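# Geometric and topological summary
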Amino acid sequence: MHNIIQIYHHIIEESLSPGMTALDGTAGTGQDTAFLARLVGQEGKVYAFDIQAEAIQRSQERLEKEALDQQVTFIQADHACLDQYLPEGLAVDLACFNLGYLPGTDKAIITQGQSTCQALDQCCQYLKAGAKILVAAYLGHPGGMEEYETVCQHLSQYPQEAFNISQVQFINQRNLPPRLIIIEKRGGNAHDNH
């Protein structure tokens, strides 16, 4: 495993099987959404969020081409509001967030620390015991390091009785390689920050 994205994909593959439910908090180009949709299969379900209409359109086109669109619900909204769009009582097996900007578009439109923290808090309420949230954080673009630090600081407040939170980083790679944050919900009640 020589990069974070390979590890990220490996954990997703280990975590999902047909019939499960996944959440993509940052649909982007639809690459992760398609990956999740293939793993959960037609009996499964993927909820994919993105704030940009262009990202939703690109993702939908990609999934239609691969005939994976049946099991995916796209929601154009800030992932900080995901609890307003998800069905009540939904139980999620895995969620993923790819922070940063949509490749090939305006780099000024980036995920923000505050809304990412809100999205993670809300996402935790839907996680099954043992389920994970994966956060791929890119540090090289303006705002990337600040967002990563805000998210780490926020997650450090989560109770260890309810969550195991770890991160993977390469310490000998140049140019601020991405880091992977893994949030695993332990057994028991949902964490509620409200």
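In the block above lies the structure referred to throughout.
Residues numbered from 1 in each chain as written. Predicted model: local features only at pLDDT ≥ 70, side-chain atom pairs only at ≥ 80, totals over all residues. Heavy atoms only, no water.

### Some points on unusual backbone geometry
For A67, which is not glycine, the phi dihedral falls at a positive 55 degrees. Relative to the helices and strands, A67 is located in the loop between helix 3 (53–65) and strand 3 (72–76). Despite not being glycine, N175 has its phi angle at roughly 60 degrees, a positive value. With respect to the element layout, N175 can be found in the loop between strand 6 (163–168) and strand 7 (179–185). We classify N175 as exposed; its relative accessible area is 74%. (Helix = DSSP H or I, 4+ residues; strand = E, 2+ residues; numbered from the N terminus. Buried < 20%, exposed > 50% of the residue type's maximum accessible area, 1.4 Å probe, protein only.)

### Examining helix 2 (residues 31–40)
Counting buried positions along helix 2 yields 8 of 10 residues, so the element is predominantly enclosed. Those residues of helix 2 that fall on the buried side of the exposure criterion are D32, T33, A34, F35, L36, A37, L39 and V40. Tucked inside the fold, the buried residues of helix 2 contact helix 1 (4–15), strand 1 (21–24), strand 2 (45–50), helix 3, strand 3 and strand 4 (92–98). Taken from the residues just after helix 2, G41 is the one with a positive phi, measuring 70 degrees. (Contact = heavy atoms within 4.5 Å.)

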